[in-house]
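The lines below spell out each chain.
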Amino acid sequence: RATSRFNKLISREFQEEKNQNLVIMLDAGQRMCVSDESMTYFDHALNSLILLSHTALKNGDNLSIQSFGAETRWLGQIKGAQNISKILHHFYDLYPQKTASDYLRSAQDLLNKQPKRALILLVSCLRDEDFSDLLDAVRLLQKKHLVAVISISEPIYQSILNKQVEGFEDALLFASTQILEQSIARNLKRLKKQGVICIHAPVNQLTSNVIN
């Protein structure tokens, strides 16, 4: 319309937004103690989030990180790519503990620390038995923030489903695994209906999915 009105080519130039608030909530409880051949899910997640932090700080965004589980750590309002070392020093000696993480309590703590609207990335390993707690925490966070749930998918489920069934025990294992997979997919669908951004990816695809 503008081009025809002024009889010359007019285009819009979009600029990437900066100074956005990004908060990472990293589960350091028993869900993240699962290991693959090299590292725990927690280590994989932490590596991915450090890369994400560098990208966000390089783009001029404000970054805060909270771990939750047996131990809660908070690092708030980091800005500038030169400050990535603060994140490394703050979390280098943090390890997952074999205790259940309290999603709701962590969400309440975060609301007290982060008054300004932000994009919240909640990183965990989603399972069926604690989904109601997660849903309550997400709803609480959504009152003020935009929420994304990043769940690490467990490859053992897929390996069981791909395995040939040769006996009754294999059939039971196959059926129970299928039920678990369907339950996780159903829970992710519920989160999406709630307006939550959802990423469900294995550890080897976590970094690219999270940064994108």
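Before any of the text, the structure's been laid out above.
Residues numbered from 1 in each chain as written. Predicted model: local features only at pLDDT ≥ 70, side-chain atom pairs only at ≥ 80, totals over all residues. Heavy atoms only, no water.

**Things to note about the overall build of the protein chain**
Thinking step 1. Helix and strand counts for the protein chain stand at eight helices and six strands.
Thinking step 2. Taking the principal axes of the C-alpha coordinates as reference, the protein chain spans close to 75 × 45 × 35 Å.
Thinking step 3. With 212 residues in all, the protein chain has 42% of them scored as buried.
Thinking step 4. A sequence separation of at least 24 residues applies to 72% of the contacts in the protein chain between residues at least 6 apart.
Thinking step 5. Split by element, the accessible area of the protein chain, about 12500 Å² in all, is 49% carbon and sulfur.
Thinking step 6. For the protein chain, the distance from the average site of its 25 positive side-chain charges to the average site of its 22 negative ones is 14 Å. (Helix = DSSP H or I, 4+ residues; strand = E, 2+ residues; numbered from the N terminus. Buried < 20%, exposed > 50% of the residue type's maximum accessible area, 1.4 Å probe, protein only. Contact = heavy atoms within 4.5 Å. Areas by Shrake-Rupley, 256 points an atom, 1.4 Å probe, with all protein chains shown as cover. Lys, Arg positive; Asp, Glu negative; His and termini not counted. Charge placed at Lys NZ, Arg CZ, Asp CG, Glu CD.)

**Quick look at the sheet that holds strand S5 (residues 146–152)**
By way of backbone hydrogen bonds, the strands of a sheet pair with one another, either parallel or antiparallel.
Thinking step 1. Taken in spatial order, the six strands line up as S3-S2-S1-S4-S5-S6 in an open sheet, and their pairing is mixed. Each of the sheet's edge strands pairs with one partner strand only, and the pair in question is strand S3 (73–78) and strand S6 (197–201). Sheet twist, expressed as the mean angle between neighbouring strand axes with direction ignored, is 15°.
Thinking step 2. Taken together, the seven bridges between strand S1 (residues 21–27) and strand S2 (residues 62–68) define a ladder with parallel strand orientation. Looking at S2, one finds that Met25 is bridged to Gln66.
Thinking step 3. Together, S2 and S3 form the strand contacts of helix H3 (residues 84–91), whose direction differs from that of S3 by roughly 175°.
Thinking step 4. Relative to S2, helix H4 (residues 103–113) is tilted by about 150°, and along the sheet it contacts S1, S2, S3 and strand S4 (119–124). (Pairing = 2+ DSSP bridges. Axes fitted to C-alpha atoms, helices over the stretch in contact; angles between N-to-C directions.)

**So, the side chain of Arg31**
Thinking step 1. Along the chain, Arg31 turns up in the loop between S1 and helix H2 (41–58).
Thinking step 2. Accessibility expressed as a relative area gives 4% for Arg31, which makes it buried.
Thinking step 3. Apart from residues lying up to four places away in sequence, Arg31 is in contact with Ser101, Tyr103, Ser124, Cys125, Arg127 and Asp130.

**Some words on H3**
Since the α-helix advances by 3.6 residues per turn, residues separated by three or four positions end up pointing in the same direction.
Thinking step 1. Every buried residue of H3 is accounted for by Ile84, Ile87 and Phe91. What you see down the axis of H3 is that its buried residues fit within an arc of 55°, all on one side.
Thinking step 2. The elements touched by buried residues of H3 are H2, S2 and S3. (Arc of directions from axis to C-beta.)

**Points about the nonpolar core**
Thinking step 1. Core analysis: the biggest nonpolar cluster contains 33 residues, and Ile24, Leu26 and Ile87 have the highest contact counts within it.
Thinking step 2. Broken down by element, this core gets its largest block of residues, nine residues, from H2.
Thinking step 3. Membership of the second largest hydrophobic core comes to 24 residues, among which are Met25, Ala118, Leu140 and Leu141. (Core = buried A, V, L, I, M, F, W, Y, C linked by side-chain atoms within 4.5 Å.)

**Here's the deal with the pattern of salt bridges**
Thinking step 1. For the structure shown, the criterion picks out three salt bridges.
Thinking step 2. Linking Arg73 and Glu71 is a salt bridge whose minimum nitrogen-to-oxygen distance equals 2.8 Å.
Thinking step 3. One salt bridge connects Arg73 with Asp93, and the closest N-O pair in it is separated by 2.8 Å. Taken as a pair, Arg73 in strand S3 and Asp93 in the loop between H3 and H4 lie far apart in primary sequence, 20 residues in all.
Thinking step 4. Looking at Arg73, the relative accessible area reads 13%, which means it is buried. (Salt bridge = Lys/Arg side-chain N within 4 Å of Asp/Glu carboxyl O.)

**Overview of H2**
Thinking step 1. A rise of 1.5 Å per residue sets the reference length of H2, with its 18 residues, at 26 Å; its end C-alpha atoms lie 26 Å apart and thus fit the reference within 8%.
Thinking step 2. Turning to H2, its buried residues number three or more, namely Tyr41, Phe42, His44, Ala45, Leu46, Ser48, Leu49, Ile50, Leu52, Ser53, Ala56 and Leu57.
Thinking step 3. In the stretch just after H2, Gly60 is the one whose phi turns positive, near 90°. (Expected span 1.5 Å × (residues − 1).)

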